[in-house]
Amino acid sequence: MQLGEKIKTYRMQYELSQEDLAELLDTSRQTISSWENDKTYPGMLAVVSLSEIFQIPVETLIKEDVLEMKEILDNKAERIQRNKDRDMLNRMAALRTGAVFIGGVSAYPVYRYHGWVYALIPLLLLVMGLFTTIPIEHYLRKYKLKKYQDIVTFFDETYDR
């Protein structure tokens, strides 16, 4: 964050001690110190007061911080979406595997003992497993998962919820 450095720079430029600035802002010297050391972030009223004291626009004080915060939030949104996609890909793969296995294993016995009409149920399961491949392929393309190692890496990432 850049704001702490800017507060310190402008404070020194105006030849103010931390106590002097704290008195102007009606706060404590420790609060000013924690702002300058990026331990805490001043509230909006304090930022507006700082801009008035230093005679600079608020944007000059916080622009880099706002851009950095926006980037952090964008990255978090991307991670959340990636985690949701990972969960959906897991579910689709499990559904496909189950449908193909059950359909494949049960097709002949159902046909043999119940006739061709009931054999449509396992065949529908096989078709469902086949069509489940379409959204799975969509996710594989979206995240460029071409090799087995890419898929393993994709699923080994830690969840940041």
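Above this text sits the structure in question.
Residues numbered from 1 in each chain as written. Predicted model: local features only at pLDDT ≥ 70, side-chain atom pairs only at ≥ 80, totals over all residues. Heavy atoms only, no water.

This part takes up the nonpolar core. Grouped together as the largest cluster of nonpolar side chains are 16 residues, with contacts concentrated most on Leu21, Trp35, Leu50, Phe54 and Leu61. Elements with a contribution of two residues or more to this core: helix 1 (3–13), helix 2 (18–25), helix 3 (29–36), helix 4 (44–54) and helix 5 (58–114). Apart from the residues lying within four places of it in its own chain, the contact partners of Leu61 are Leu3, Lys6, Tyr10, Val47, Leu50, Ser51 and Ile56. (Core = buried A, V, L, I, M, F, W, Y, C linked by side-chain atoms within 4.5 Å. Buried < 20%, exposed > 50% of the residue type's maximum accessible area, 1.4 Å probe, protein only. Helix = DSSP H or I, 4+ residues; strand = E, 2+ residues; numbered from the N terminus. Contact = heavy atoms within 4.5 Å.)

Turning our attention to the pattern of salt bridges. The tally for this structure, following the rule as stated, stands at 2 salt bridges. The salt bridge partner of Glu36 is Arg11, with a shortest N-O separation of 2.5 Å. With Glu36 in helix 3 and Arg11 in helix 1, the pair connects residues that are 25 residues apart, well separated along the chain. With relative accessibility at 8%, the residue Arg11 sits in the buried group. (Salt bridge = Lys/Arg side-chain N within 4 Å of Asp/Glu carboxyl O.)

Attention now goes to helix 3. The α-helix advances 3.6 residues per turn, and as a result positions three or four apart in sequence lie on the same side. Buried within helix 3 we find Ile32, Ser33, Ser34, Trp35 and Glu36. Turning to helix 3, the residues buried within the fold contact helix 1, helix 2 and helix 4. Looking one or two places after helix 3, you find Asp38, whose phi comes out positive at around 55°.

Under the defined criterion, the tally for this structure stands at 4 aromatic pairs. Geometrically, the ring pair formed by Phe154 and Phe155 is edge-to-face, given 5.3 Å between the ring centres and 85° between the ring planes. Of the residues examined, Phe155 reaches a relative accessible area of 27% and is grouped as partly exposed. An aromatic cluster is built from Tyr10, Tyr14 and Phe54, whose rings are joined through pairwise contacts. A cation over an aromatic ring shows up here: Arg86 above the ring of Phe154, its NZ or CZ 5.1 Å from the ring centre. (Phe/Tyr/Trp six-rings, centres within 6.5 Å; stacked < 30°, edge-to-face > 60°. Lys NZ or Arg CZ within 6 Å of the ring centre and 35° of its normal.)

Where helix 1 contacts helix 5, the two axes come as close as 9 Å, and the packing angle between them is 155°. The angle between the axes of helix 1 and helix 5 places the two elements in the roughly antiparallel class. The two elements helix 1 and helix 5 cross, and the hand of that crossing is right-handed. For the pair helix 1 and helix 5, the contacting residues are Leu3, Lys6 and Tyr10 in the first and Thr60, Leu61, Ile62, Glu64 and Asp65 in the second. (Axes fitted to C-alpha atoms, helices over the stretch in contact; angles between N-to-C directions. Parallel < 35°, antiparallel > 145°, perpendicular 65-115°, else oblique. Left-handed = near helix turned anticlockwise from the far one by under 90°.)

Excluding glycine, a negative phi dihedral is what most residues carry, and trans is how most peptide bonds are arranged. Residue Glu15 is not a glycine yet carries a positive backbone phi of 55°. Take Glu15: it is sitting in the loop between helix 1 and helix 2. Using a relative accessible area of 71% as the deciding quantity, one classes Glu15 as exposed. Phi at Lys144 takes a positive value of approximately 55°, unusual for a residue other than glycine. In this fold, Lys144 is placed in the loop between helix 6 (120–142) and helix 7 (148–156).

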